[in-house]
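Observations on the three-dimensional arrangement
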Amino acid sequence: MFEPVKIAPSILSADFMHLGRDIELIERAGAGYVHVDVMDGHFVPNLTMGVPVVKQLKKATDLPLDVHLMISNPLEQLPWFLDAGADSVTVHAEALDADGLARAIAAIHAAGASAAVSLKPRTAAGALAPVIGDVDMVLVMSVEPGFSGQSYIEGSDAKVARIAEMARAVGAAPLIQVDGGMGVKTAPLVAAAGADVLVCGNAVFAAEDPAAALAAVQAAADEARVAALDSVKEA
């Protein structure tokens, strides 16, 4: 069954002097989520935003807040972001062992939020094996996390396909999200492989017409998704 791809604009690329305006813009454009990149300067080489921003965003939009924790101590800070109003929280497989991932997922679910696990580009899909049946979403990084505006790493679509295969094998169906270098040329690659949610930063906020840019990425992804589904039916 066809489900349209959802776009999750990353506010890391928005204009922080006019953040309310930019949030309203992506709402009107049909965004599925507001993607919030939280970086601590340790797990990744950048320092971005934290709990106060999430609290203010919760007041400013009805879109789900998709909070991506690129931090070294997610178990300690999870309660902060859940209390602040995160609707979905992503932790990194590289920051926790299997027991820690299970604890993080349980804590997120206990708070009534959706739980996701992210993989850096060099982390194999197999790292998800212990939790693939428990997560609501998997985030595939198609750039090295830390900075916006990077180019898509070729072959990331193969990881998306592998994760989709792993999920089917255990009877699970988590959303698959891709973050990094997403645009009209790269979105079709991952959408055809099984991606459901695309994080777009500069492709939306740096465009002359952000709403049109968002629509163009979604249309390109949906076209590829339909073609992939049709090819499966014909096989």
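Bear in mind the structure is a predicted one, so any value in this text is a computation, not a measurement.

Some details on the overall build of the protein chain
Within the protein chain, the regular secondary structure consists of 8 helices and 8 strands. Relative to the globule expectation of 18 Å for 235 residues, the C-alpha radius of gyration of the protein chain, 17 Å, shows essentially globular dimensions. The burial tally for the protein chain puts 53% of its 235 residues in the buried class. When contacts within the protein chain are restricted to residue pairs at least 6 apart in sequence, those whose partners lie at least 24 apart make up 67%. Counting every atom, the protein chain has about 10500 Å² of accessible surface; 54% of that belongs to carbon and sulfur. Within the protein chain, one finds 15 positive and 29 negative side-chain charges whose respective centroids are separated by 1 Å.

Focus: the UniProt feature "binding site: a divalent metal cation" (unreviewed entry) in the protein chain
Following the UniProt record, one finds the feature "binding site: a divalent metal cation" (unreviewed entry) at His35, Asp37, His68 and Asp179. Separation in sequence by 145 residues is not matched in space for these annotated residues, since their most distant C-alpha atoms are only 10.6 Å apart. As for the lining of the second largest pocket, the annotated residues named previously contribute Asp37, His68 and Asp179. Relative to the helices and strands, His35 resides in strand S2 (residues 34-39). Judged by relative accessible area, His35 falls into the buried class, the value being 0%. When residues no more than four places from it in sequence are discounted, the contact partners of His35 are Ala8, Pro9, Ser10, Ile11, Asp66, His68, Gln177, Asp179 and Val199. Dropping the residues within four chain positions of it, Asp37 is found in contact with Ser10, Leu12, Thr48, Met49, His68, Met70 and Asp179.

Side note on the packing of aromatic side chains
Within the structure shown, the criterion is met by 0 aromatic pairs. Sitting above the plane of the Phe43 ring, Lys120 keeps its charged end 4.3 Å from the centroid.

Describing the UniProt feature "binding site: substrate" (unreviewed entry) in the protein chain
Using the residue numbers shown here, the UniProt feature "binding site: substrate" (unreviewed entry) corresponds to Ser10, His68, Gly146, Phe147, Ser148, Gly149, Asp179, Gly180 and Gly181. The subset of these annotated residues that lines the second largest pocket comprises Ser10, His68, Gly146, Phe147, Ser148, Gly149, Asp179, Gly180 and Gly181. Tracing the backbone shows Gly146 in the loop between strand S6 (137-141) and helix H5 (156-169). On the basis of relative accessibility, which here comes to 3%, the residue Gly146 falls in the buried class. Beyond its immediate stretch of four places on either side in the chain, Gly146 contacts Met39, Val44 and Asn46. You can see Gly181 is positioned in the loop between strand S7 (175-179) and helix H6 (187-193). Here Gly181 is in contact with Val143, Gln150, Ser151, Tyr152 and Thr186, once residues within four sequence places are set aside.

A short note on the environment of Pro121
On the secondary structure map, Pro121 appears in the loop between strand S5 (114-119) and S6. Residues Pro121 and Asp15, 106 residues apart in the sequence, show an inter-C-alpha distance of 28 Å. In contact with Pro121, other than residues within four places in its own chain, are Met141, Val143, Glu144, Pro145, Ile153 and Lys159.

Regarding the pairing of strand S8 (residues 197-200)
Looking along a regular strand, one sees the side chains alternate between the two faces of the sheet. Residue alternation in S8 divides its side chains into two sets, Val197 and Val199 and Leu198 and Cys200, and both sets are buried. With 4 bridges joining them, strand S1 (residues 6-9) and S8 adopt parallel strand pairing. Pairing of Ala8 across the sheet is with Val199, part of S8. Relative to S8, S7 runs parallel, the two sharing 3 bridges. Across the sheet, residue Asp179 finds its bridge partner in S8, namely Val199. As for the winding sense of the linkage, the β-α-β connection from S7 through H6 to S8 is right-handed.

Things to note about the side chain of Thr90
Relative to the assigned elements, Thr90 resides in strand S4 (residues 88-92). Taking relative accessible area as the criterion, Thr90 reaches 0% and is therefore assigned buried. Look past the residues within four positions of Thr90 in its chain and what remains in contact with it is Asp66, Val67, His68, Leu69, Ala116, Val117, Ser118, Met137 and Leu139.

Examining the environment of Ala84
Take Ala84: it is sitting in helix H3 (residues 74-84). On a C-alpha basis, the gap between Ala84 and Gly50 in space is 9.8 Å, while along the polypeptide they are 34 residues apart. Excluding anything up to four places from it in sequence, Ala84 contacts Val51, Val54, Lys55 and Lys58.

Conventions we followed
Residues numbered from 1 in each chain as written. Predicted model: local features only at pLDDT ≥ 70, side-chain atom pairs only at ≥ 80, totals over all residues. Heavy atoms only, no water. Helix = DSSP H or I, 4+ residues; strand = E, 2+ residues; numbered from the N terminus. Rg over C-alpha atoms; globule rule 2.2 N^0.38 Å. Buried < 20%, exposed > 50% of the residue type's maximum accessible area, 1.4 Å probe, protein only. Contact = heavy atoms within 4.5 Å. Areas by Shrake-Rupley, 256 points an atom, 1.4 Å probe, with all protein chains shown as cover. Lys, Arg positive; Asp, Glu negative; His and termini not counted. Charge placed at Lys NZ, Arg CZ, Asp CG, Glu CD. UniProt positions renumbered as here; feature names shortened; annotations may be inferred. 1 Å grid on protein atoms, 1.4 Å probe; cavity = no way out; pocket = protein on both sides within 12 Å on 5 of 7 lines; lining within 4 Å. Phe/Tyr/Trp six-rings, centres within 6.5 Å; stacked < 30°, edge-to-face > 60°. Lys NZ or Arg CZ within 6 Å of the ring centre and 35° of its normal. Pairing = 2+ DSSP bridges. Right-handed = clockwise from strand over helix to strand, strands pointing away.

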